[in-house]
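Chain by chain, the residues run as shown.
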Amino acid sequence: MTADQFVKALVAEGLNVKEYKDWRNHNRNHKGAWGPVHGVVIHHTAGTNSLDLCYDGTSELPGPLCQTYLHKNGTAYMVGNGRANHAGTFAQNAVTAAVNESPTHPRPDASEPVDGNVQFYGIEIENLGNGKDPFPDVQYQAAVLWAAAICRFHGWTANSVIGHGEGTRRKVDPAFDMNEFRRNVAAQLGQSPKPEPKPEPPATRPDVPAFPGTYYFRPGAKNQFVTQLGRQLVKKGYGRYYKVGPGPQWTAVDRAAVRAFQEAQGWSGAGADGYPGPQTWKRLFS
């Protein structure tokens, strides 16, 4: 993708995009090839306030360290256009699985003959990576949209998306389940870019309901999933917000109950905005 195509694709998918410094001319192309590309790699920063680090890098590992840095609030900052120091060396079996869009991604071989910086886009998601630092729904969903936008542009499936730890044994990021992430990307690819039509309700198991999508929880929404959400909130101890039992109409009462639940998880700011996303849904029904 050109810089203009990259931004256009992300905005069309619904992301809040910010262009940072001279990102359009910022790359490592002078150090080696860039492309052909075959997929995207998901990383976490393992730090805080990492925007400048992702742009500048370090003396040992010059920037950009990715094409896109993702803030906790879901803002996607463009920091590189072209080759970036994000992947390093990759195992051949991991790259083959991504290129072939395999539904299964094997444990990477110990041998790493492939330069992953040549063949993959990379995103750095702001997170400590310690299993305790949450990925707010707005941030997680933005990561899904980012991966889906690139896959949509290239005509790839969600199986072209891998975690850094799926490309090399040297890494473990990101600190969430990549199989679930790919399912979320696949669901997003099943929808048109915004403005999006109403998606078909997904098939759900009664004991493990799938997150239906943010479409169903917005002002004016009225559907079965709002009722399902409200009933689960009551089960979890948030019935005090409902003077009347949960119903299909999304209201400020539902949002207040969701926000209280999110805050009880230790989330704040954009992570506790009262609108359910995949992480809130998963935590609520677990």
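The structure this text deals with has already been given above.
Remember, predicted model here, so these are calculated numbers, not experimental data.

Draft legend 1. Expanded view of the sheet that holds strand S3 (residues 68-70). In spatial order, the strands read S1-S4-S3-S7-S2-S8; together these six strands make up an open sheet with mixed pairing. The sheet is open, and its two edges are formed by strand S1 (16-19) and strand S8 (161-163), each paired on a single side. Across the sheet, the mean angle separating the axes of adjacent strands is 25 degrees when strand polarity is ignored. Helix-sheet contacts for helix H5 (residues 137-154) involve strand S2 (39-44), S3, strand S7 (120-125) and S8, and the interaxial angle to S7 is about 170 degrees.

Draft legend 2. Looking closely at the packing of helix H1 (residues 3-13) against H5. Contact geometry for H1 and H5: axes closest at 9 Å, N-to-C directions at 120 degrees. Taken together, the axes of H1 and H5 are oblique relative to one another. Considering only the axes of H1 and H5, their crossing is right-handed. Between H1, through Gln 5, Phe 6, Ala 9, Leu 10 and Glu 13, and H5, the contact on the second element is made entirely by Leu 145, Trp 146, Ala 148, Ala 149, Ile 150, Arg 152 and Phe 153. Each residue belonging to the contact of H1 with H5 can be placed in one class, and the counts come to nine nonpolar, one polar and two charged.

Draft legend 3. View of the pairing of strand S4 (residues 75-78). On S4, burial covers both faces: Thr 75 and Tyr 77 on one face and Ala 76 and Met 78 on the other are all buried. Looking at chain direction, S1 and S4 are connected through four bridges and run parallel. Across the sheet, the residue bridging to Asn 16 is Thr 75, located in S4. Where S3 and S4 come together, three bridges link them in antiparallel fashion.

Draft legend 4. Inspection of helix H7 (residues 178-189) at higher detail. The end-to-end C-alpha distance of H7, which contains 12 residues, comes to 16 Å, matching closely the 16 Å that a straight helix rising 1.5 Å per residue would cover. Within the sequence span of H7, burial applies to Met 178, Glu 180, Phe 181, Arg 182, Asn 184, Val 185 and Gln 188. Contacts made by the buried residues of H7 are with H1, S2, H5, S8, helix H6 (164-167) and helix H10 (278-285). Near the N-terminus of H7, the side chain that reaches the backbone nitrogen of Asn 179, with its oxygen 2.7 Å away, is that of Asp 177.

Draft legend 5. Representation of the side chain of Arg 28 within the structure. In this structure, Arg 28 sits in the loop between S1 and S2. One buried charged residue, Arg 28, forms no salt bridge at all, with the nearest opposite charge on Asp 115 at 10 Å. Dropping the residues within four chain positions of it, Arg 28 is found in contact with Pro 62, Gly 63, Pro 64, Arg 83, Ala 84 and Asn 85.

Draft legend 6. Structural view of unusual backbone geometry. Going from Gly 35 to Pro 36, the amide bond is cis rather than trans, its omega being 5 degrees. Along the chain, Pro 36 falls in the loop between S1 and S2. With a phi close to 50 degrees, Asn 49 is a non-glycine residue in the positive phi region. Within the chain, Glu 101 stands out as a residue other than glycine whose phi angle is a positive 55 degrees. Structurally, Glu 101 is set in the loop between helix H3 (92-99) and strand S6 (114-115).

Draft legend 7. Examining the pairing of S2 more closely. Judged by how many residues are buried, S2 sits mostly within the fold: six of six residues are covered. Neither face of S2 is left uncovered, since the one carrying Gly 39, Val 41 and His 43 and the one carrying Val 40, Ile 42 and His 44 both have all their residues buried. The sheet contact formed by S2 and S7 spans six bridges and is parallel. The residue of S7 that forms the bridge with His 43 is Glu 124. Pairing of S2 with S8, which is carried by three bridges, proceeds in the parallel orientation.

Quick notes on the rules
- Going along each chain's sequence as written, the residues are numbered from 1 onward.
- Where local features are concerned, this predicted model is filtered to residues with pLDDT of at least 70; where side-chain atom pairs are given and counted, the filter is 80 or more; whole-chain, interface and lining totals use all residues.
- Note that water and hydrogens are dropped before the side-chain values are worked out from all heavy atoms of the structure.
- Pairing between strands requires that DSSP locate at least two bridges from one strand to the other.
- Only DSSP runs of H or I reaching four residues or more are called helices, and only runs of E reaching two or more are called strands; each is numbered from the N terminus.
- In this description, a line fitted to the C-alpha atoms serves as the axis of each element, helices being fitted only across the stretch in contact, and the angle between N-to-C directions of two axes falls anywhere from 0 to 180 degrees.
- Every residue pair with non-hydrogen atoms within 4.5 Å of one another is taken to be in contact.
- Working definition: roughly parallel below 35 degrees, roughly antiparallel above 145 degrees, roughly perpendicular at 65 to 115 degrees, and oblique for all remaining angles.
- Left-handed describes a crossing whose near helix is turned anticlockwise from the far helix through less than a right angle; right-handed describes the clockwise counterpart.
- Under the grouping applied here, Gly and all other residues not named as nonpolar or charged are polar, the nonpolar ones being Ala, Val, Leu, Ile, Met, Phe, Trp, Tyr, Cys and Pro and the charged ones Asp, Glu, Lys and Arg.
- Burial classification: accessible surface area is computed with a 1.4 Å probe over protein chains only, and a residue below 20% of its type maximum counts as buried, one above 50% as exposed, and the rest as partly exposed.
- Take the residue count of a helix, subtract one, and multiply by 1.5 Å to get its expected span.
- Throughout this description, a polar contact denotes any pair of N or O atoms lying within 3.5 Å of each other; where both atoms belong to protein, one of them has to be capable of donating a hydrogen while the other can accept it, and for residues adjacent in sequence the pair is counted only when both atoms sit in side chains.
- Under the convention used here, Asp and Glu are negative, Lys and Arg are positive, and both His and the chain ends fall outside the count.
- For this document, the term salt bridge refers to a Lys or Arg side-chain nitrogen within 4 Å of an Asp or Glu carboxyl oxygen.

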